[in-house]
Amino acid sequence: MVYLIKHVISHLESIAPPVYQENYDNSGLITGDRDAEVSGILCSLDVTEAVVAEAIAKGCNLIVAHHPIVFKGLKTLTGKNYVERTVILAIKNDIAIYAIHTNLDAVYQGVNQKIAQKIGLQQTRILAPKKGILTKLTTFIPKENADEVLNALYQAGAGTIGEYAHCSFQIQGKGTFLPLDGADPHLGVRGEAASVDEVRVELMFPEYLRTGIIRALKEAHPYEEVAYYLQSLENEHQEVGSGMVGMLPEPMDGKSFLLHLKAAMGLEILKHTAILDKKVQRIAICGGAGIFLLGSAMKTGADVFITADIKYHEFFDADQKLLLVDIGHYESEIYTKELLKDLLSQKFSNIATYLTNLVTNPISYL
């Protein structure tokens, strides 16, 4: 089967919808033609001139990266810095660059789950789930059509809660109506009051799916005029948010855990607060700059919080309540490229998909 760049994008965005990216972010297709056929995919944490050159050498016309090469608006393309030179090189060689950044951070199967797997955490969950991104649909369906309409709604993405699909609440009742002169009723006749055995159905769904779900409802529902209403929910979305928390299989002393962390993540060095005189087992993590989640980590009772880009004075905020560890931004997210390769290889098995061989970390250690 021939796959186009837009097919790869659609798959990635079904996993990490762009709506979940932060408002400062620039995830999405940065260069390239969505309708071009994919010759090969190179997965990388960052995009630099060297990464684009590697893609060219490998015969790949699509780079899927975690970090967007373009964060701010470009007013010129003269090659005066590495961002402009990288974009120019990609465009000249018909290389598409797609970034999947904070939206991949936000989903359960994303960046933080990959870190959790590397460390060996179990019973993982989102550290700080997002609120206000769920909607409830209530509608009324003739009893004999209920299964058909429900299946259409399920197919559109409604009624999935965590690891459970086809979730709904149903109650039977009577629906009444009077078709007027201009009506074309599925049941009943014009000018005569009617009552029908109906099922009241309630389902939850992520708000970004609203348009498709309402379309599915109207296409599957037998009535000319479909009765429904929508309600925004303040519930936390347990599958979307910031960071992750999980459990080690067995408690460890602090020093042993830090040595385990170095080995598991392939670290040269790490920075941490004083090792506390207690065992550690509940571990909170956030790839990249995640110190904003320190309070959330404490509220969960985490023994350790692992993140990156911690400033000097922010280490004091741990206040001997947990072990605070900075493993470096690049080091915390480097395995994201493996995550991307796995997600793409499973779906597009006939497309050559590679991991970059380049170390794009701009920081060196002496």
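We now turn to the structure provided with this report. Keep in mind the model is a prediction, meaning the values are calculated, not measured.

### Points about the environment of Val189
So, step 1. You can see Val189 is positioned in the loop between strand S7 (169–177) and strand S8 (194–206).
So, step 2. Among the residues examined, Val189 registers a relative accessible area of 42% and is labelled partly exposed.
So, step 3. The spacing of Val189 and Leu178 is 11 residues in sequence and 8.3 Å in space, taken between C-alpha atoms.

### Comments concerning the packing of helix H2 (residues 49–58) against helix H3 (residues 82–92)
So, step 1. Following both chains from N to C, one finds H2 and H3 inclined at 15 degrees, their axes separated by 8 Å at the closest point. One element, H2, and the other, H3, form an angle in the roughly parallel class. As for the relative orientation of H2 and H3, their crossing is left-handed in sense. Along the contact surface, H2 presents Glu49, Val52 and Ala53, while H3 presents Tyr82, Arg85, Thr86, Leu89 and Ala90.

### Looking at the nonpolar core
So, step 1. Counting residues in hydrophobic clusters, the biggest one holds 53 residues, and the most contacted among them are Ile119, Phe257, Leu261 and Ile306.
So, step 2. Within the second largest apolar cluster, 17 residues are counted, among which are Tyr154, Val199, Val201 and Ile213.

### Structural notes on the sheet that holds strand S1 (residues 28–31)
Adjacent strands of a sheet form backbone hydrogen bonds with each other and so pair up, either parallel or antiparallel.
So, step 1. Taken together, five strands build an open sheet; the order of strands is S1-S4-S3-S2-S15 and the sheet is mixed. Strands with a single pairing partner mark the edges of an open sheet, and in this sheet they are S1 and strand S15 (353–355). On average, adjacent strands in this sheet sit at an angle of 25 degrees to one another, irrespective of strand direction.

### What to know about the sheet that holds S7
So, step 1. The strand order across the open sheet built from four strands is S7-S8-S6-S9, with neighbouring strands paired in antiparallel fashion. Strands with a single pairing partner mark the edges of an open sheet, and in this sheet they are S7 and strand S9 (228–233). For this sheet, the mean inter-axis angle between neighbouring strands, taken without regard to orientation, is 25 degrees.
So, step 2. Where S7 lies against S8, nine bridges are found, and the strand directions are antiparallel. For Thr176, the partnering residue across the bridge sits in S8 and is Ser195.

### Comments concerning the packing of helix H1 (residues 5–15) against helix H12 (residues 336–347)
So, step 1. Following both chains from N to C, one finds H1 and H12 inclined at 120 degrees, their axes separated by 11 Å at the closest point. In terms of orientation, H1 lies oblique with respect to H12. When you trace H1 past H12, the crossing you get is right-handed. For the pair formed by H1 and H12, the contact residues are Val8, His11, Leu12 and Ile15 on the first element and Leu343, Leu344 and Lys347 on the second.
So, step 2. The residue makeup of the contact of H1 with H12, split by class, is five nonpolar, one polar and one charged.

How each quantity is defined
- Residues numbered from 1 in each chain as written.
- Predicted model: local features only at pLDDT ≥ 70, side-chain atom pairs only at ≥ 80, totals over all residues.
- Heavy atoms only, no water.
- Helix = DSSP H or I, 4+ residues; strand = E, 2+ residues; numbered from the N terminus.
- Buried < 20%, exposed > 50% of the residue type's maximum accessible area, 1.4 Å probe, protein only.
- Axes fitted to C-alpha atoms, helices over the stretch in contact; angles between N-to-C directions.
- Parallel < 35°, antiparallel > 145°, perpendicular 65-115°, else oblique.
- Left-handed = near helix turned anticlockwise from the far one by under 90°.
- Contact = heavy atoms within 4.5 Å.
- Core = buried A, V, L, I, M, F, W, Y, C linked by side-chain atoms within 4.5 Å.
- Pairing = 2+ DSSP bridges.
- Nonpolar A, V, L, I, M, F, W, Y, C, P; charged D, E, K, R; others polar.

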